[in-house]
Amino acid sequence: MMTCTIVDDEPLAVKLLESFVERTPALQLVGSYTDSVEAIAALRENPVDLVFLDIQMPDMNGMELAHMLPARTKIIFTTAFKEYAFDSYEVSAIDFLLKPVRYNKFLTAVEKAQERIVRQPSSVNRQPSTLFLRVDGELRQLQLDDVLYVAGMKDYVMFYVQSQPRPLITHLTMKAVEDMLPADRFLRVHRSYIVALDKIRSIDRNDCIYIGNEIIHVTEAFRPAFQQFLDGKIAK
């Protein structure tokens, strides 16, 4: 049996797909989401075998979300816009279902997913190494290894990276970014800062982190998690 999740900002579309999943013995529904940012946080923490994913959604569209999913998760796109079909190949989607989705088409796509999952090695379960950010009206692929830290600024965040002279600015919340980044590599240390743990040069006695060209103070609310990280790294 394959575990699956539905992500679509239209409640009626979610209800229809839920009814299809219920009729399909090969599927077990783990969750349904109308908010793409909430969905990616859940899927990064608890990956599933298959996601039924709408493309045109607010905040984060389906194509952006697809690039952030764990490698083991397969994707079936569901959309009312056939012009997105070509883009679906970019993320090796299993299938592309046009709305209104019919059950026979849905079932064929599920069978394709079953075949693909059976063929894949069971050891594949790696974390994504990149993010796609919408910057100045275009999608920019960002290597996570390149990120020094992230700074929040109202409804925007700034990604400071080693290979760029200026930060990449995108319309996201700090909470959304915190949920997207791998928890074993990035840590929020301040209401407005997330740091790449392997890029920290030094930490002074006042809990100030020296990273890139910035000095970031670890605030009280985030100190316990940061101390836990340090306790596991300090040479005894």
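Here, every reference points to the structure presented above.
Treat the numbers as computed from the prediction; the structure is a model and nothing was measured. (Residues numbered from 1 in each chain as written. Predicted model: local features only at pLDDT ≥ 70, side-chain atom pairs only at ≥ 80, totals over all residues. Heavy atoms only, no water.)

Peer 1: Describe in detail the pattern of salt bridges, supporting the description with residues and values.
Peer 2: In the structure shown here, the tally under the stated rule is 11 salt bridges. We note a salt bridge from K99 to E10, for which the minimum N-O separation is 3.8 Å. In this pair, K99 is assigned in the loop between β5 (95–98) and α5 (103–119) and E10 in the loop between β1 (2–7) and α1 (11–22), connecting sequence segments 89 residues apart. You can call E10 partly exposed: its relative accessible area is 41%. For E64, the salt bridge identified is with R134, shortest N-O distance 3.6 Å. Placement of the pair is E64 in helix α3 (residues 62–68) and R134 in strand β6 (residues 130–135), with a sequence separation of 70 residues. Take R134: its relative accessible area is 39%, and that puts it in the partly exposed class. When salt bridges with common partners are traced through the structure, they connect D8, E10, D54 and K99 into a single cluster. (Salt bridge = Lys/Arg side-chain N within 4 Å of Asp/Glu carboxyl O. Helix = DSSP H or I, 4+ residues; strand = E, 2+ residues; numbered from the N terminus. Buried < 20%, exposed > 50% of the residue type's maximum accessible area, 1.4 Å probe, protein only.)

Peer 1: Got a sec to walk through α1? Specific residues and values, please.
Peer 2: Its 12 residues give α1 an end-to-end C-alpha distance of 16 Å, which sits within 8% of 16 Å, the value for a rise of 1.5 Å per residue. The complete set of buried residues in α1 reads A13, V14, L17, F20 and V21. The arc that holds every buried residue of α1, seen down its axis, measures 120°, which confines them to one face. Pointing more than 90 degrees away from the buried face of α1 are the exposed residues P11, L12, K15 and E22. (Expected span 1.5 Å × (residues − 1). Arc of directions from axis to C-beta.)

Peer 1: So, the pairing of strand β12 (residues 193–196): which residues are in play, and what are the values?
Peer 2: Two faces belong to every sheet, and in a regular strand the side chains alternate between them. Burial of the side chains of β12 extends over both faces: Y193 and V195 are buried on one face and I194 and A196 on the other. With 3 bridges connecting them, strand β8 (residues 147–153) and β12 associate as antiparallel partners. Residue pairing across strands places A151 opposite Y193, the latter belonging to β12. Sheet topology note: the strand β11 (residues 186–190)/β12 ladder contains 4 bridges and is antiparallel. Bridge pairing in β12 links L187 to V195. Adjacent in sequence and paired antiparallel, β11 and β12 are bridged by 2 residues. (Pairing = 2+ DSSP bridges.)

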